[in-house]
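Residue-level listing of the chains:
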Amino acid sequence: MLTKSLRGNQNFIPIMIFILWAIGFFLLNVNNIDLNQQLISFALMATTVGSSIFVVNNFPYFKNNFYFAFLFSLSFLLLGCCLENLNFFAGLFFLYLILSQILYINQKEHQIFNSFDLGFYIGVAIIFYPPFWVFGLFLLFHFIVLGKTQIVNLIFSLLGTLALFILCLQFLAIFDSWHYWDGFVEELYLMPMHLDLDLLFLAPLVLVAIFGLVDYYTNINRQSANKKAVFFDAMLWFIFAVIFNVLYGGNNDNGLLLLVLPVVLYTSNLLTYSKTFWKSEVILWLFVICLVLYRFHPYIKVPELFDTVTF
């Protein structure tokens, strides 16, 4: 059922998915959205979801289905449940803006932002949420891996980040607000991820993504150069997202949102080229069930069967 609904080229489907996501997310968090700060977090999250869906769904290999739009919005709906940290969502918005631009350049070979802009925006993300320095390394590795042809872009991206930090330091000196610098440094202290049994609900999704990764690289010789670049950057992003969660995950599940795009991208590719209807349907429902259980399992009361057993 889901497979048939998400296959096609009707332009209204991704719009409906996004509208349903926005309504669903608001209803799930309406009791927590009582401050302007949380409303801004919701707006930033909605913009992040909408822009990412718009960019990736225009890739030629996803034009005839809406797997990515559905799985991406569903993941953000059921994983993003802590709106109090406005700084995190502001930084997340800029990170996904950078990633979407990099993927767009790889696929369309046309850029909206230049490398100086990308460096500047990664600096903005770091200022909003200092632990996002990890993704500054992602941008660095992105240009290094591309080879000598990207040395100029690497230098310009570093200049963009440096220019922003120099500007911020000047403002701190002018207004004598060095206490903000102290807070910035404190945010850099490590907050290792707290491993919880709840994460086991998401383990099947990671296994599906790994299966999608293996399937992609098994058929990599059939892929275009542009698609190879897109999927390589997605894998590189996933590695740094895992590093971020290990170092700064703490007790906050919001860090999992950084893993969503690469996991969904590889899964959507697997579904797109799946030759069997039932396999696609199973994977889609597996995603739905695992995410629902992860979000709502605290409210599900499992009967204590063993209390009724007597010997």
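Not measured: the values here are computed from a predicted model.

(A) Fine view of the environment of Leu195. Mapped onto the fold, Leu195 is located in the loop between helix H9 (179-187) and helix H10 (203-218). Along the primary structure Leu195 and Gly249 are separated by 54 residues, whereas in three dimensions their C-alpha atoms are 9.3 Å apart.

(B) Molecular detail of the packing of helix H11 (residues 225-248) against helix H12 (residues 260-272). Across the interface, H11 lies against H12 with an axial gap of 9 Å and an inter-helix angle of 140 degrees. As summarised for this structure, H11 and H12 are arranged oblique, according to the angle between their axes. Once H11 is placed against H12, the crossing between them reads as left-handed. Contacts between H11 and H12 involve Lys227, Val230, Phe231, Phe232, Ala234, Met235, Trp237 and Phe238 from the former and Pro262, Val263, Leu265, Tyr266 and Asn269 from the latter. Here the residues of the contact of H11 with H12 sort into 11 nonpolar, 1 polar and 1 charged.

(C) Quick peek at the nonpolar core. Ranked by internal contacts, the top residues of the largest apolar core, which has 87 residues, are Phe70, Phe72, Phe76, Phe132, Phe135, Phe244 and Leu258. The greatest single-element share of this core, amounting to 12 residues, is contributed by helix H5 (residues 86-108). Contact partners of Leu258, with chain neighbours within four places excluded, come to Leu92, Leu95, Tyr96, Phe132, Phe135, Trp237, Ala241 and Phe244.

(D) Representation of helix H8 (residues 151-174) within the structure. Taking 1.5 Å of rise per residue, the 24 residues of H8 would be expected to cover 34 Å, and the 35 Å separating its terminal C-alpha atoms lies within 8% of that figure. If you check which residues of H8 are buried, you get Leu154, Ser157, Gly160, Thr161, Leu164 and Leu172. Contacts made by the buried residues of H8 are with helix H6 (115-128), helix H7 (133-145) and H9. Just downstream of H8, Asp176 is the residue with a positive phi angle, here 50 degrees.

(E) Representation of H11. In this model H11 runs 34 Å from its N-terminal to its C-terminal C-alpha over 24 residues, within 8% of the 34 Å that 1.5 Å per residue would give. Among the residues making up H11, those that are buried are Lys227, Val230, Phe231, Asp233, Ala234, Leu236, Trp237, Phe240, Ala241, Phe244, Asn245 and Tyr248. Positive phi appears at Gly250, one or two residues downstream of H11, with a value of about 55 degrees.

Thresholds applied
Residues numbered from 1 in each chain as written. Predicted model: local features only at pLDDT ≥ 70, side-chain atom pairs only at ≥ 80, totals over all residues. Heavy atoms only, no water. Helix = DSSP H or I, 4+ residues; strand = E, 2+ residues; numbered from the N terminus. Axes fitted to C-alpha atoms, helices over the stretch in contact; angles between N-to-C directions. Parallel < 35°, antiparallel > 145°, perpendicular 65-115°, else oblique. Left-handed = near helix turned anticlockwise from the far one by under 90°. Contact = heavy atoms within 4.5 Å. Nonpolar A, V, L, I, M, F, W, Y, C, P; charged D, E, K, R; others polar. Core = buried A, V, L, I, M, F, W, Y, C linked by side-chain atoms within 4.5 Å. Buried < 20%, exposed > 50% of the residue type's maximum accessible area, 1.4 Å probe, protein only. Expected span 1.5 Å × (residues − 1).

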